[in-house]
Amino acid sequence: MTRPSAQRIAAPIAALAALTILAGCTGGGDGTAEKPDKIVFWTPQTTPERLAAQEKVAEGFTEKTGIKVDVVPMAGADQDQALVTGAASGDVPDVILHASTQTGAWTSQGLLDTDAAATTVKSLGEDTFNKNAVKAVTIDDKISAVPSDGWTHVVAYRTDLLEKAGVDVPTDITELADAATAVKDKLGITGLAFGTQAGTASATEGIQSLFQSAGCELVTDGEVTIDSDACDDAAEQFLRLRNSSAAGDFDVTSARAAYMNGDAAMLLFSTHILDELAGLDPATPATCPECKATPTFLSDNTKFITVLDEDEPHQYGAILGYGIPTGAHTEAAQQYIEYVMGEGYEDTLAVATEGRIPLRNGTADEPTKFLDAWGGLGIGPAQEKTSAEIYGDDFVKGMADGINAIYLWGMGTDDATLAGLVFTQGVLSNQIEQLYSGASPEEVTDAMKKAVEEVQASL
């Protein structure tokens, strides 16, 4: 589950969006190598403190190269229309930080200079990048964007409550369902809190996260496979996990609240939860009975499962990358990306550490340099403490395993468009109510398959 948009992502303002569409395109180039005085960078990291941090990184680039950077805040949804509009008029930004799902769409429309991105990755060293992230931005066998950072789902668990229930730390989805069921039966509280409300975005995330962790594939080489044996089993375990709730179905907010209140032993959530559990985010305080006397009670008693199924881990998450639009100041754009992925990378990740885990692991000389450095960056709004200080070095190592296992259905294949539409349209979460109403897992996955094939037929 991601954090609710009202918490950490500034709400789009129509007037601002209109201004950024006009002003944010003024630095666009002509695709030449001529050195400009200024380049334009669009970023979806739009809150005031994140903008200030990105502008500071940009200032470092300016000091080094003499090229100024106009940092323009623009949410992903606004980027799509603004880029099309700018391309039509010949005014495009030079660099865009965007989601990997946008990479494929923009590439198919000819909006990205894929040669420039591929050259930049080669210059930085393709082997220094997260392999799954590179796969996610590879379209038609061509690297189309430069992977930057992302987040994954983790399972936070209360060590004291699992011990009290007499269950071991689970290592796969079946063991997770076993543990969650045992917690509810023995302690009378929710085993695993996660998004299960049918037809919601949080359920869409929960389904994809748990299904793919169970080895279920939505589509393979153009064939919809959501009705496979692995998917049938995933649906069965998903139902058991949903039924481990002692408080009904959750959305993203109520699931998090259940864990923060001490009413759930485990929580499926994004890495954005790291600072909140430690009491570092005043907007989302820990409210468990013990937390009043000991604000760090939850973080003191929480550990994390960073991969489910260590043999073939597929961790759901998000991937951000830098794109260079067709017609941008190519050479200056490449210089900027190399700077923010090299000398300025740690400061870039520190813009929002808990949600920006490096997708460039290190350098040729220091293969884990950036993954190691991530654990030493401050988390939370005030960045008072680091994740290593709060959760330990073993957690940082575990997060390295988790981010390197990041996975999205269809990524890097011709099926990426279908998978993206199924996700954005909530196709699977619209079918999950049948599972709650008594239909067998096989019947539900059959219905899911038919619904996905309907989307596929419309392409």
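Structure's up top.
Definitions and limits used
Residues numbered from 1 in each chain as written. Predicted model: local features only at pLDDT ≥ 70, side-chain atom pairs only at ≥ 80, totals over all residues. Heavy atoms only, no water. Buried < 20%, exposed > 50% of the residue type's maximum accessible area, 1.4 Å probe, protein only. Helix = DSSP H or I, 4+ residues; strand = E, 2+ residues; numbered from the N terminus. Pairing = 2+ DSSP bridges. Core = buried A, V, L, I, M, F, W, Y, C linked by side-chain atoms within 4.5 Å. Contact = heavy atoms within 4.5 Å. Patch = residues over 30% accessible without salt bridge, like charges linked within 9 Å, V, L, I, M, F, W, Y side chains within 5 Å. Areas by Shrake-Rupley, 256 points an atom, 1.4 Å probe, with all protein chains shown as cover. Salt bridge = Lys/Arg side-chain N within 4 Å of Asp/Glu carboxyl O. Lys, Arg positive; Asp, Glu negative; His and termini not counted. Charge placed at Lys NZ, Arg CZ, Asp CG, Glu CD. Axes fitted to C-alpha atoms, helices over the stretch in contact; angles between N-to-C directions. Parallel < 35°, antiparallel > 145°, perpendicular 65-115°, else oblique. Left-handed = near helix turned anticlockwise from the far one by under 90°. Nonpolar A, V, L, I, M, F, W, Y, C, P; charged D, E, K, R; others polar. Expected span 1.5 Å × (residues − 1). Disulfide = S-S within 2.5 Å.

J.: Would you mind going over the pairing of strand S3 (residues 95-99) in detail, with residue names and values included?
T.: For a regular strand, side-chain orientation follows a simple rule: the groups alternate between the two sheet faces. Of all five residues making up S3, four are buried, and the element is well covered by its neighbours. As paired elements, strand S1 (residues 38-43) and S3 share two bridges and run parallel to each other. Within the sheet, the bridge partner assigned to Trp-42 lies in S3 and is Ile-96.

J.: I'd like a description of the nonpolar core, backed by residues and values.
T.: Within the largest apolar cluster, 93 residues are counted, with the highest numbers of intra-cluster contacts made by Phe-211, Ile-226 and Met-266. When residues of this core are assigned to their parent elements, the largest contribution, seven residues, is made by helix H9 (residues 173-187). Apart from residues lying up to four places away in sequence, Ile-226 is in contact with Phe-211, Cys-216, Glu-217, Leu-218, Cys-231, Trp-409, Leu-428, Thr-445, Met-448 and Lys-449. Judged by nonpolar contacts, the second largest core, of 38 residues, contains Leu-51, Ala-118, Leu-124 and Ile-337.

J.: An account of unusual backbone geometry is requested, with residue identities and associated values reported.
T.: Unlike most non-glycine residues, Asp-309 shows phi in positive territory, near 70 degrees. Considering the arrangement of structural elements, one finds Asp-309 in the loop between strand S11 (302-305) and strand S12 (317-323). The phi dihedral of Gln-383 falls on the positive side, at around 50 degrees, and the residue is not glycine. Counting through the fold element by element, Gln-383 comes out in the loop between strand S14 (378-379) and strand S15 (385-386).

J.: Tell me about a negative patch on the surface, and name the residues and values.
T.: On the surface, a cluster of negative charge is contributed by Asp-140, Asp-141, Asp-221, Glu-223, Asp-414, Glu-453 and Glu-454. With respect to the element layout, Asp-141 can be found in the loop between strand S4 (138-139) and strand S5 (142-143). For Asp-141, a relative accessible area of 78% gives the class exposed.

J.: Go over the packing of helix H6 (residues 114-124) against helix H15 (residues 330-340) with me, naming the residues and quoting the values.
T.: Interhelical geometry of H6 versus H15 gives an angle of 40 degrees and a closest axis separation of 10 Å. Classified by the angle between their axes, H6 and H15 sit oblique to one another. Like other packed secondary-structure pairs, H6 and H15 cross with a definite hand, here right-handed. Every residue of H15 that contacts H6 at Ala-116, Thr-119, Thr-120, Ser-123 and Leu-124 is listed here: Thr-330, Gln-334, Ile-337 and Glu-338. Its residues assigned to classes, the contact of H6 with H15 shows three nonpolar, five polar and one charged.

J.: Go over helix H3 (residues 48-65), please, and point to the residues and values.
T.: Its 18 residues place the ends of H3 25 Å apart at the C-alpha level, agreeing with the 26 Å of an ideal helix rising 1.5 Å per residue. Residue Gly-66 follows H3 closely and has a positive phi angle near 85 degrees.

J.: Lay out the state of the cysteines in plain terms, naming residues and giving numbers.
T.: For the structure on display, the rule yields two disulfides. Each sulfur in the disulfide pair Cys-216 and Cys-231 lies 2.0 Å from the other. Disulfide Cys-216-Cys-231: the torsion about the S-S bond is 90 degrees, which places it as right-handed. Of this pair, Cys-216 sits in the loop between helix H10 (201-213) and strand S8 (219-220) while Cys-231 sits in helix H11 (residues 229-242), placing them 15 residues apart in sequence. Cys-216 sits in the buried class, given a relative accessible area of 1%. Using a relative accessible area of 0% as the deciding quantity, one classes Cys-231 as buried. In this model, Cys-288 is linked to Cys-291 through a disulfide, with the two sulfur atoms separated by 1.9 Å. On the sign convention where negative means left-handed, the S-S torsion of about 90 degrees between Cys-288 and Cys-291 marks this disulfide as right-handed. The same class applies to Cys-288 and to Cys-291, which are both buried.

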